[in-house]
Amino acid sequence: MESLTAFALFFGAVVPLFFPAASTVLFPKDALPTKSGYLPVNTTSDSAVFYTFYEAQNPSTSLSHTPLLIWLQGGPGCSSMLGNFYELGPWLVKPDPTHPNNLTLAPNPGSWNRLFGLIFIDNPIGAGFSVAASPEEIPRDQTSVARHLFIALRSFLTANPTFGSRPLYLTGESYAGKYVPAFGYYLLEQNSRLPSSLRINLQGVAIGDGLTHPVTQVTTHAVNAYFCGLVNRKQQTQLEHLQNEAAKLTSEEKWQEAREARNKVFDTLLNMTGLPTLYDFRRNKPYEMEMVTEFLQIEEVKEVLGAKTNIVFEVCSDVVDDALSEDVMKSSKFMVEQLVKKSKVLLYQGQFDLQDGVVSTLAWIEQMEWEELEMFLEAERKVWEVNGLLSGYVQRWGGLTHAVVSGAGHLVPTDQSLSSQAMIEDWILDKDVFGNENIGDSILEQGAFGSENKGSIFRTLTNSFRD
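Note that the coordinates shown come from a computational prediction; the quantities given were computed from them, not determined experimentally.

Asker: What exactly am I supposed to notice about the sheet that holds strand β4 (residues 48–54) here?
Answerer: Backbone-to-backbone hydrogen bonds pair the strands of a sheet. The strands run either parallel or antiparallel. With mixed pairing, ten strands are arranged side by side in an open sheet as β3-β4-β8-β5-β9-β10-β11-β14-β13-β12. Each end of this open sheet is capped by a strand with a single partner; those strands are β3 (35–40) and β12 (381–386). Neighbouring strand axes in the sheet, compared pairwise and without regard to direction, differ in orientation by 20° on average. Pairing geometry for strand β9 (residues 168–173) and strand β10 (residues 202–208), over six bridges, is parallel. Along β10, the bridge assignment pairs Leu-170 with Val-205. Against the sheet, helix α3 (residues 176–191) touches β5 (68–72), β9 and β10, its axis set at about 160° to β9.

Here it is in structure tokens:
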């Protein structure tokens, strides 16, 4: 690369500046994280997660009461810097409109830190700028992932003692459909063993287009594709055969074979449809995530962020993906079932995601073991608007909220920035269609499991492989 792009902010406009490769990239002052660096996860090694923290831009309460959001990327093995610089952070990497071969940094009007503090964590160790002292230390299961995150969060809160009482919300997308509930479940367990003064103030979890209960989700792709007009009946039947094989292998706990069978479903669906990506069936090309890779491989950018400059940044790590390969088809549904009783849970999906989208999520929601499930399923589904325009549909009861985001694919904040911002803010603040009518004290009630859904359209597809 012969030159690097730097950035200056003049009268609210982003202006790209060009410097020789040896010079320094200049961030706009407002684009710098409030804090960033490394949080250790192991006292006997150098393993640590990398984070960037952005304080709330316009908090509506004192900072001691302003919610903190943690964002976890999926993968497994993808960096949360993708969420930071491509989806929901305060500044996004974009092609320079006047010099298409260069990148620029522009403010994001739909940032999730408008009202709340926002922490991006490269998770697990080995992903993004995080450090795994050895490949053996990379987690192989969700309990290990959650343990590392808990240690890192404790370190962050200890270094920032005024943050300890702030309400905490765990958020993420895709494979974080496992990370988020695992971390939340682990926090609940740890809080139950700690005096109230040391407990972490977990208030809720939000999962976007998540993989949470694979044994059911893998059985929904054929019917989804058929009713989207992407395959015919013969192709649907072929896909169902592949799906059922993946579900069967999952029920037999043949985890690696089950993952490979799921991948075969996706490969077949792509071949049948000619789509470039399952993340959004409207797209003529995949999401342009390589921009983030290019930007974060610049040494001066690493220095500004406080990342180790000797790390060659990758948006997604094959090493981490391999380490968690046998975890992919395992379920985290039972963790969500506990969280929905003791906190708020938001499950949202982009309307056009074929991989972990609406149909996939509704199928496992209908199988939840939760005493208020029937009331949720009977709750009114409301039209949701932002600034007078249709943004999607929201259904809620008790601790559970389900949202469909119109005009979005797998990366909801990228596709519908302002809608995603309104969603997370209104859900946390209990406003508008995300408000707390019919909520009462139900999320705090403790009762026996046992609600059974009797009307699922997916019953014939999944009955043989239920947990």
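Asker: Help me understand the state of the cysteines in this model?
Answerer: Disulfides are covalent bonds that connect the sulfur atoms of two cysteines. Under the counting rule described, the total for this entry stands at one disulfide. One disulfide in the model links Cys-78 with Cys-316; its S-S distance is 1.9 Å. Here Cys-78 and Cys-316 share a disulfide; its torsion about the S-S bond, 100°, makes the bridge right-handed. With Cys-78 in the loop between β5 and α1 (81–88) and Cys-316 in the loop between α9 (299–305) and α10 (318–323), the pair connects residues that are 238 residues apart, well separated along the chain. Overall, the relative accessible area of 33% leaves Cys-316 in the partly exposed class.

Asker: What am I meant to see in the pattern of salt bridges here?
Answerer: Two side chains of opposite charge can pair, provided their charged atoms sit close to one another. In total, this model carries 14 salt bridges according to the counting rule given. Notably, a salt bridge pairs Glu-55 with Arg-166, separated by 2.9 Å at the nearest N-O pair. Here Glu-55 is found in the loop between β4 and β5, whereas its partner Arg-166 is found in the loop between α2 (142–159) and β9, with 111 residues between them in sequence. Asp-430 is the partner of Lys-344 in a salt bridge, and the nearest nitrogen-oxygen pair spans 3.2 Å. With a gap of 86 residues between them, Lys-344 in strand β11 (residues 344–350) and Asp-430 in the loop between α15 (417–429) and α16 (459–462) connect regions that are remote in the sequence.

Asker: When you look at the pairing of strand β6 (residues 91–96) in this model, what are you seeing that I'm missing?
Answerer: Regular strands have side chains that alternate between both faces of the sheet. By the bridge criterion, six bridges tie β6 to strand β7 (residues 99–107) in an arrangement that is antiparallel. Directly across from Val-93, in β7, lies its bridge partner Leu-105.

Asker: Quick question: what am I supposed to make of the side chain of Asp-415 here?
Answerer: Take Asp-415: it is sitting in helix α14 (residues 412–415). For Asp-415, the residues in contact, after removing those within four places along its chain, are Asp-280, Arg-282, Arg-283, Tyr-287, Gly-407, Ala-408, Gly-409 and His-410.

Asker: How do you make sense of the nonpolar core when you look at a structure like this?
Answerer: By size, the foremost hydrophobic cluster in this structure holds 65 residues, and its most contacted members are Ile-70, Leu-72, Leu-170, Phe-183, Leu-187, Met-368 and Leu-400. Among all residues touching Phe-183, those that are not within four sequence positions of it are Ile-70, Leu-72, Ala-146, Leu-149, Phe-150, Leu-153 and Leu-170.

Asker: Help me out: how do you make sense of unusual backbone geometry in this one?
Answerer: If a residue is not glycine, its phi is most likely negative; likewise, a peptide bond is most likely trans. Of the consecutive residues Gly-75 and Pro-76, the connecting peptide bond is found in the cis state with omega at 5°. Position of Pro-76 relative to the elements: it lies in the loop between β5 and α1. Pro-124 follows Asn-123 through a cis peptide bond whose omega is -5°. Summarising the element assignment, Pro-124 is placed in the loop between β8 (117–121) and α2. Here Asp-209, not a glycine, exhibits a phi torsion of approximately 45°, which is positive. Among the secondary structure elements, Asp-209 is positioned in the loop between β10 and α4 (214–217). A relative accessible area of 0% places Asp-209 in the buried class.

Asker: What am I meant to see in the packing of aromatic side chains here?
Answerer: Tallied over the full model, the rule gives 18 aromatic pairs. Between Tyr-226 and Phe-227, the ring centres sit 5.1 Å apart and the planes meet at 85°, which makes this aromatic pair edge-to-face. The partly exposed category is assigned to Tyr-226, whose relative accessible area is 24%. A relative accessible area of 62% places Phe-227 in the exposed class.

Conventions adopted
Residues numbered from 1 in each chain as written. Predicted model: local features only at pLDDT ≥ 70, side-chain atom pairs only at ≥ 80, totals over all residues. Heavy atoms only, no water. Pairing = 2+ DSSP bridges. Helix = DSSP H or I, 4+ residues; strand = E, 2+ residues; numbered from the N terminus. Axes fitted to C-alpha atoms, helices over the stretch in contact; angles between N-to-C directions. Contact = heavy atoms within 4.5 Å. Disulfide = S-S within 2.5 Å. Buried < 20%, exposed > 50% of the residue type's maximum accessible area, 1.4 Å probe, protein only. Salt bridge = Lys/Arg side-chain N within 4 Å of Asp/Glu carboxyl O. Core = buried A, V, L, I, M, F, W, Y, C linked by side-chain atoms within 4.5 Å. Phe/Tyr/Trp six-rings, centres within 6.5 Å; stacked < 30°, edge-to-face > 60°.

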